[in-house]
Amino acid sequence: MTDIMPVGERQPIAPPVDETGPLGWARKNLFSSWGNGITTIVLIGAVGWILAWFLDWALFTANFTASTGAECRGSGACWALIREKYRYIFFGSFPYEQHWRPLFAVIAMLAMLVMSADRRMWNWRLLVIWGVGSFVTFLLMFGQIHIPLSLILFVAVVGGAIGLTLRSALAAANERAAYYALIGIGIVGLALRIAGVLPKWSIAIAPLSYVETSLWGGLPVTLILATYGLAFAFPYGILLALGRRSNLPLIKGLCVGFIELIRGVPLISLLIMASVMLPLFLPSGTTIDKFLRAQVAVILFAGAYIAEVIRGGLQSLPKGQFEAADAMGLNYLQKTLLIILPQALRVVIPPLINTFIGFFKDTSLVLIIGIFDFLNTANQALVDPNWAGFPGEVYLFAAFVYFIFCFSMSRYSKYLEVELNKGTRR
Amino acid sequence: MAATARDLSKVESVIQLKDVNKWFGQFHVLTDINLDVKEGEKIVICGPSGSGKSTLIRCINRLEEHQRGDIIVHGVTLSNDVKNIEAIRREVGMVFQSFNLFPHLTILDNLTLAPIWVKKTPKKEAEEIAMSLLNRVRIPEQALKYPGQLSGGQQQRVAIARALCMRPKIMLFDEPTSALDPEMVKEVLDVMIELAREGMTMICVTHEMGFARAVADRVIFMDRGEIVEQNEPEEFFANPRNERTKLFLGQILHNH
Ligand SMILES: Nc1ncnc2c1ncn2[C@@H]1O[C@H](COP(=O)(O)OP(=O)(O)OP(=O)(O)O)[C@@H](O)[C@H]1O
Ligand SMILES: [Mg+2]
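All values derive from a computational prediction rather than experimental measurement. (Residues numbered from 1 in each chain as written. Chains lettered and ligands numbered in written order. Predicted model: local features only at pLDDT ≥ 70, side-chain atom pairs only at ≥ 80, totals over all residues. Heavy atoms only, no water.)

Undergrad: When you look at the overall build of chain A in this model, what are you seeing that I'm missing?
TA: Of regular secondary structure, chain A possesses 17 helices and two strands. Here the C-alpha radius of gyration of chain A, 28 Å, is well above what a compact globule of 426 residues would show, namely 22 Å. Over its C-alpha atoms, taken along the principal directions, chain A stretches across nearly 85 × 80 × 40 Å. If you take every contact in chain A between residues at least 6 apart in sequence, the share linking residues at least 24 apart comes to 73%. Of the charged side chains in chain A, 31 are positive and 22 negative, and the gap between their average positions amounts to 8 Å. (Helix = DSSP H or I, 4+ residues; strand = E, 2+ residues; numbered from the N terminus. Rg over C-alpha atoms; globule rule 2.2 N^0.38 Å. Contact = heavy atoms within 4.5 Å. Lys, Arg positive; Asp, Glu negative; His and termini not counted. Charge placed at Lys NZ, Arg CZ, Asp CG, Glu CD.)

This is how it looks when you write it as C-alpha cells:
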C-alpha cells in the first residue's frame, strides 16, 4: 500500500536530464531532415510575411484620429471609425446619456458568470449569485421592475418544493417545517389571489427611467440572450435527455418528438415563427415582448441540442453504475442526481462547451427579426454615409469581441475537465 | 467447518423462490426454480457460464424481473410495486463481479451515500459506521481516496463494505473474485469468510470451491436454467450424483 520500502545502501538515481535545450529541441522537432527543414523555413517565412502585412495595416499605417471616413482613405486600418462608433456598437439605441446602465449590466453579468465558473460556488450560493446578478442586470436595463404578488407566491411554492426534494434526507425537522410553511403560504396566497381576495398588488422598484426592450442593443443583448438562453436550456436539455431514456412511452415519445422536430428546423425559421406567427395564435390584445419570444426560441433550440449531447454522456456510463445504485435502494431522483448526472456531465464537458460556444455565436441570428444584438449594431454602424467603406475594420472588431468570449469558454472547458477529474482517474 | 450443527429446519426462511420462470425474449433462462433460504444460511451457486446463475440472484433484488412464480424476501412478495422493491433492496446487499463503485465519489462517500439518502442516517453517524466497516475490511487508510486509485482487491472489499453499510439481512455475491488477479482473491475471500462466520445470510455465485467447503451450508449446481443438484459441500464434492455435475466438477477441479 503506501508503505515505502527501505532504500538501504542504494543511492537514489536522478531521472536522465534532457540535455538538448531549445536548440536541441528545434533540431529534433523542426529540422530533423532536409524536407522537414525546408517546410519549417517556408512556413515561418509565410507566417512572418502575413504578420508583417497585417501589423503594417492594423498598426503602423492605421488611422486612429480621423473625424470622417474621407480622412481615413489611403491609409491603413481606419480605427477612427471604431472610436467614433464604439458606444453605438456596444450599447445600440439605449438612451445615450444612460449608457452607464448597460455598461454596469454587462459588468454585473460578467461578474455573475465568472463567479459561477468557480466550482466551490456550486451549491446554494449559485442561486444567490444568479438571483442578485439577474436582478441587478434587469433593473439596470429596464430601469424599473414590478414584481407582482402572484410571482412572489409562486416562487415561494417552487422554492419550498425544491428544498423539500433536494434536502429531504439531510434537512433537520425545523428546516423541513420551513419548506412546508413556504409551500403552504404560497398555495394559500395564490388561491386567495385567484379568488380575488388578495388585490392585484405588486412591488415597484423604480429608481431609474424605464427603457423598453426594443431600445436595447449591442453587447448586453447578446450576453442576455446567450446567458439566459443557455442557463435555461441546460436544465431543460437535461430533462429532455432523461425523458428520452425514460421507460414511459408517452414521456419518451414527447421528448424524442420535440428533439427531432427542433433539430430538423433552422434556428432562423424558429425565430421567424416566434416573431411573426406566434402573435397570430395569441388571443388579440395579449402581446409577448419580441425580445422574450426570441429568448424562448433560443432556449427551445439550444435545449434540443444540449439534450443530445447529454444523452451521449448518459449512454457512456456502464450499466453497472445504474445497477449498483438500484441495488442500494436509491430511488430514481436520487440515482439520477447523485450517481448518473454527475458522471454523465463530466464526460460531456468538451462537447457541451462546444455547443455553448456555437450558441453564443448563433444568437447573432436574432438580427433577422430586428433585434439589435452585438453583431447587428456593428452592422448598423456601417450604414452611416460619412463612414462608408470600412466593413473590414468593424467586422474585425466584432470578431475580436466574440473571440474573447468564445476563447474564454474554451479555456474554461479545459480547466473544468482537469478540475472535475482530479483524483478520479488513476 | 460450516454451521451444520444448527438445525436449519427450525429456522425461518428469509428467501423463498417458488416455481420461478424467466425468459429473455424467446430464451428460457430460468426454469421452475424452487429455493428456500433459511436465516443465516450460506449458499454457494455454481454452474457453467450462461447457466443463469447471475440472472437467478439478480431476480432476488429485482435487478431482473421474473415472469412466472413467486419470490418472497423477508415476507414481502416481489411485484412491480416500487415501494416493495425499494423495501427489499434496503434489506438485501449486493456485490458485483465488476465492483461498480462510483468513480466520482471518495471511498467514504461511496459508503455513506445509501445510509444518508435511503435510511436517512445522520451524516456523522453514517461516517462512523463507514469507518468501522472499512476497518473490518482492513482498508481504513483509503477512506479519502477515489476508487480509481485502489487495486482490484481493495475495490471489491470497499464494495462489500458499501453493501454492509446498509446493515442488510441478506448478502448476494455475483462472482466477487472472478475479475481479480489471483493474489487478490484471498483478501476478498477472507472478508467473506469472516462475514459468513458472523452469521450473515449469504447467496454467493462463485467457482471458489475452497470457499464453498469452508463456509457453505449448501452448494447448488445450475445448468441451462435449472437447479440440477444441491447438497452439503462434503457430499456435493465427494459424491456428485448427476452426470452434468460430475462433468462440471471435473472441469473446474482440473483447472484449479
Ligand atoms: N439482458 C439479457 N438479455 C438477453 N439475454 C440475456 C440477458 N442477460 C443474460 N442473458 C442470457 O441469459 C443466459 C444466462 O445469463 P447469466 O448471466 O445468468 O449466466 P451466468 O450463469 O451468470 O453465466 P456466467 O458464469 O458467464 O456469469 C445467458 O445465455 C445470457 O446470454
Ligand atoms: Mg454471471
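Here the narrative resumes.
Undergrad: Before we go on, may I ask you to explain the interface of chain A and chain B in this structure?
TA: Buried accessible area, meaning the area lost when the parts come together, often serves as the stated size of an interface. Counting residues at the interface gives 28 residues for chain A and 31 residues for chain B. Across the interface of chain A and chain B, roughly 2,600 Å² is buried in total on both sides, 62% from carbon and sulfur atoms. Across the contact surface, chain A and chain B share one salt bridge. On the surface where chain A and chain B come into contact, there are six residue pairs in polar contact (both at pLDDT 80 or more). At the level of secondary structure, the elements contributing two or more residues to the side of chain A that touches chain B comprise helix 13 (319–327) and helix 14 (332–347) of chain A. The biggest single contributor to the side of chain A that touches chain B is helix 13 of chain A, with eight residues. Of the residues in the side of chain A that touches chain B, the class split is twelve nonpolar, ten polar and six charged. (Buried area = accessible area lost by both parts, 1.4 Å probe. Salt bridge = Lys/Arg side-chain N within 4 Å of Asp/Glu carboxyl O. Polar contact = N/O pair within 3.5 Å; in protein donor to acceptor, adjacent residues only side chain to side chain. Nonpolar A, V, L, I, M, F, W, Y, C, P; charged D, E, K, R; others polar.)

Undergrad: Any chance you could explain the pairing of strand 6 (residues 92–95) of chain B here in plain terms?
TA: In the case of a regular strand, side chains alternate between the two sheet surfaces. Residue and element names in this part refer to chain B. The alternating pattern of strand 6 places Val92 and Met94 and Gly93 and Val95 on opposite faces, both of which are buried. Two strands pair when backbone bridges link them, and strand 6 and strand 7 (residues 170–174) are joined in this way by four bridges, in the parallel orientation. Among the inter-strand pairings, Val95 is bridged to a residue of strand 7, identified as Phe173. (Buried < 20%, exposed > 50% of the residue type's maximum accessible area, 1.4 Å probe, protein only. Pairing = 2+ DSSP bridges.)

Undergrad: Before we go on, may I ask you to explain the sheet that holds strand 8 (residues 201–205) of chain B in this structure?
TA: Each strand in a sheet pairs with its neighbour through backbone hydrogen bonds, running either in the same direction (parallel) or in the opposite one (antiparallel). Residues and elements named next belong to chain B. If you walk across this open sheet you meet the six strands as 6-7-8-3-9-10, and the pairing is mixed. One side of each edge strand has no neighbouring strand; the edge strands of this open sheet are strand 6 and strand 10 (226–231). Ignoring which end each strand starts from, the neighbouring axes of this sheet average 20 degrees apart. As paired elements, strand 3 (residues 42–46) and strand 9 (residues 218–223) share four bridges and run parallel to each other. Bridge assignment links Val44 to a residue of strand 9, and that residue is Val219. Across the sheet, helix 5 (residues 152–164) lies against strand 6 and strand 7, angled at about 170 degrees from strand 6, the strand it touches most. (Axes fitted to C-alpha atoms, helices over the stretch in contact; angles between N-to-C directions.)

Undergrad: Would you explain the sheet that holds strand 5 (residues 76–77) of chain B in this entry?
TA: All names here are of chain B. Within the open sheet, the four strands sit side by side as 2-1-4-5. Their pairing is antiparallel. Single-partner strands in this sheet number two, and they are strand 2 (27–38) and strand 5. With two bridges joining them, strand 4 (residues 68–73) and strand 5 adopt antiparallel strand pairing. Considered in strand 5, the bridge of Val73 is made with Val76. Taken strand by strand, helix 1 (residues 53–60) contacts strand 1 (13–24), strand 2 and strand 4, and its axis lies near 125 degrees from that of strand 1.

Undergrad: Even after reading the chapter, I still don't get the environment of Glu226(B), so can you show me in this structure?
TA: Residues and elements named next belong to chain B. The topology assignment puts Glu226 in strand 10. Classification of Glu226 as partly exposed rests on a relative accessible area of 33%. Along the sequence, Glu226 and Gly148 sit 78 residues apart, while their C-alpha atoms lie 38 Å from each other. Every residue in contact with Glu226, bar those within four places of it in the chain, is listed here: Thr31, Ile33, Phe221 and Arg244.

Undergrad: Can you walk me through the nonpolar core in this structure?
TA: Side chains of nonpolar character tend, in soluble globular proteins, to be buried together. Of all hydrophobic cores here, the largest spans 130 residues; its most connected members are Leu17(B), Ile45(B) and Leu113(B). With 13 residues, helix 9 (residues 219–244) of chain A is the largest single contributor of residues to this core. Leaving out residues up to four positions away in the same chain, Leu113(B) has contacts with Met328(A), Leu330(A), Leu338(A), Ile339(A), Phe102(B), Leu105(B) and Val118(B). Grouped together as the second largest cluster of nonpolar side chains are 51 residues, Val137(B), Met171(B), Met192(B) and Val219(B) included. (Core = buried A, V, L, I, M, F, W, Y, C linked by side-chain atoms within 4.5 Å.)

Undergrad: What's the story with the state of the cysteines in this structure? I'm lost.
TA: Here a disulfide denotes a covalent bond joining the sulfur atom of one cysteine to the sulfur atom of another. For the coordinates displayed, the defined rule picks out one disulfide over all chains. With its sulfur 2.0 Å from that of its partner, Cys72(A) forms a disulfide with Cys78(A). Disulfide Cys72(A) to Cys78(A): torsion about the S-S bond roughly 80 degrees, handedness right-handed. Neither Cys72(A) nor Cys78(A) differs from the other in exposure class; each is buried. Considering cysteine sulfurs only, Cys204(B) is the nearest to Cys59(B), which forms no disulfide, with 17 Å between them. Under the relative-accessibility criterion, Cys59(B) is labelled buried at 0%. Free of any disulfide, Cys165(B) has its nearest neighbouring cysteine sulfur in Cys204(B), separated by 20 Å. (Disulfide = S-S within 2.5 Å.)

Undergrad: So what exactly am I meant to see when it comes to the site of ligand 1 here?
TA: Residues and elements named next belong to chain B. Taken together, the neighbourhood of ligand 1 is formed by Phe24, Phe27, Val29, Pro48, Ser49, Gly50, Ser51, Gly52, Lys53, Ser54, Thr55 and Glu175. A distance of 3.2 Å separates an oxygen atom of ligand 1 from a polar backbone atom of Ser51. Here an oxygen atom of ligand 1 and a side-chain polar atom of Glu175 are 3.0 Å apart. In the complex, the protein chains occlude 59% of the 640 Å² of accessible area that ligand 1 would expose alone. Sort the elements by how many residues they give to the shell around ligand 1 and helix 1 lands first, with three residues. Of the residues that constitute the shell around ligand 1, the class distribution is four nonpolar, six polar and two charged. (Near = heavy atom within 4 Å. Areas by Shrake-Rupley, 256 points an atom, 1.4 Å probe, with all protein chains shown as cover.)

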